Amino acid sequence: TNLDENGNVTAEINYDRDNWENSTIKFTSTGNVKITIQDYYFCTPTELTVEITERQPEVKFDVVMNNGDFLHRVGNSGTVALDKLFKAKEDAEIGTISVTVEAVNGTSASGTYSNNAIQFSGTGVVKVTVTDNDYCIPTELYLEVVDAYNVTQYSELKGQNSVFLSDITMSNGGTYRLTGNKVLYGNGFTFDVINGAYAGVEYDYASYVIYLENSRFDNIQINGAVYPKIGST
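The numbering scheme is per chain: residues are counted from 1 as the chain's sequence reads. Confidence filtering applies because this is a predicted model: local features only for residues at pLDDT of at least 70, side-chain atom pairs given and counted only at 80 or more, and all residues used for totals across whole chains, interfaces and linings. The side-chain numbers reported here are obtained from all heavy atoms of the structure, hydrogens and water having been left aside.

Asks: What is the right way to look at the packing of aromatic side chains in this model?
Replies: Two numbers describe a pair of aromatic rings. These are the distance of the centres and the angle of the planes. Two rings from Phe, Tyr or Trp (for Trp, the six-membered ring) form a pair when their centres sit within 6.5 Å of each other. Planes less than 30 degrees apart are called stacked, planes more than 60 degrees apart edge-to-face, and all others tilted. This structure, assessed with the given rule, holds 6 aromatic pairs. Between the aromatic rings of Tyr-15 and Trp-20, the centroid separation amounts to 6.1 Å while the plane-to-plane angle is 75 degrees, which identifies the pairing as edge-to-face. Taking relative accessible area as the criterion, Trp-20 reaches 55% and is therefore assigned exposed. Here Phe-164 and Phe-191 contribute two aromatic rings whose centre-to-centre distance is 5.5 Å and whose plane-to-plane angle is 80 degrees, an arrangement assigned as edge-to-face. Linking Phe-164 in strand β16 (residues 162-164) with Phe-191 in strand β20 (residues 190-192), this pair joins segments that are 27 residues apart in sequence. Phe-191 shares its class with Phe-164; the two are buried. An aromatic cluster is defined as three or more aromatic residues linked by ring pairs; in this entry it consists of Phe-164, Tyr-176, Phe-191 and Phe-217. Here, a charge over a ring means that NZ of Lys or CZ of Arg falls within 6 Å of the ring centre while also lying within 35 degrees of the ring normal. Positioned over the ring face of Tyr-211 is Arg-177, at 4.2 Å from the centre of the ring. Any residue under 20% of the maximum accessible area for its type is buried, any over 50% is exposed, and the rest in between are partly exposed; the area is computed with a 1.4 Å probe on protein chains only. Put simply, DSSP H or I for four residues or longer makes a helix, DSSP E for two residues or longer makes a strand, and each gets a number counted from the N terminus.

Listed below in structure tokens is the structure:
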């Protein structure tokens, strides 16, 4: 019941007979109203007076890729799942998600959002913005797009430029070789190589867990085994 003169608050009531906690009331407009609830079996009505106000926009998303105070990178080969960049806040009511990618400082980089993933192209810095259509304050993330493949597991690592989008664990007996002026962009994630091939075989100079030749690692943490010292002449 509207308590204000010329009040026009209306309510949409969704009553779940099987589970009272799932029942909801959705109000439109603003103003003071009285809510009355009762049943039909010798029940004295219960009344509650409430003020219906405008819903305020809220931040609904957090940045996932937040491993330090630096510009995180993404590759332009292969898509990047949205949940590698953003996650919904706990208890946030998410409507229809909208994602935009905007080039920064006139770079050639761009991106297209589809099926919960982004396909980046070109190179340079971009601003990725995620929001929804239900009272949401947009969340922004600046990224540098590089010529590289996006990887989330060890099997995807090849002898090319690559970007870590998560921590990665090497398979048992695995190795990693990078040559020919290539780069592995770590984004501050960890490359766990404890289970990699044993590199301490005496006189076997060809054995390795990680081999770099005219190539480099960029902002990556290596978690490796500690091998015994072996002396030779």
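Asks: What is the right way to read the pairing of strand β7 (residues 72-77) from this model?
Replies: Where a strand is regular, its side chains alternate between the two sheet faces. The element β7 is largely enclosed, with a buried count of 5 among its 6 residues. Of the strand pairs in this sheet, β7 and strand β15 (residues 139-151) are connected by 5 bridges, and their pairing is parallel. Following the sheet pairing, Gly-75 is matched in β15 by Val-146. Paired strands, as defined in this entry, are two strands with at least two bridges between them according to DSSP.

Asks: Quick question: what am I supposed to make of the sheet that holds strand β11 (residues 110-114) here?
Replies: Sheet strands pair via backbone hydrogen bonds, and the direction of the pair is either parallel or antiparallel. In space, the 3 strands of this open sheet follow the order β8-β12-β11, with antiparallel pairing throughout. Each edge of the open sheet carries a strand with a single partner, namely β8 (80-81) and β11. As defined by bridge partners, β8 adjoins strand β12 (residues 117-121) across 2 bridges and the pair is classed as antiparallel. Paired with Val-80 across the strands is Ile-118, a residue of β12.

Asks: Can you help me understand the side chain of Ser-215 in this one?
Replies: Position of Ser-215 among the secondary structure elements: in the loop between β21 (210-213) and β22 (216-218). Polar contact criterion, stated in full: a pair of N or O atoms within 3.5 Å, where within protein one must be able to donate a hydrogen and the other to accept it, and residues adjacent in sequence count only if both atoms are side-chain atoms. Within the structure, the side chain of Ser-215 is placed 3.5 Å from the backbone oxygen of Leu-178, a separation counted as a polar contact. In what follows, a contact means two residues having at least one pair of non-hydrogen atoms within 4.5 Å. When near neighbours in sequence (up to four residues on either side) are disregarded, Ser-215 contacts Leu-178, Thr-179, Gly-180, Asn-181 and Lys-182.

So far we have only geometry, and geometry alone does not tell us how the molecule works.
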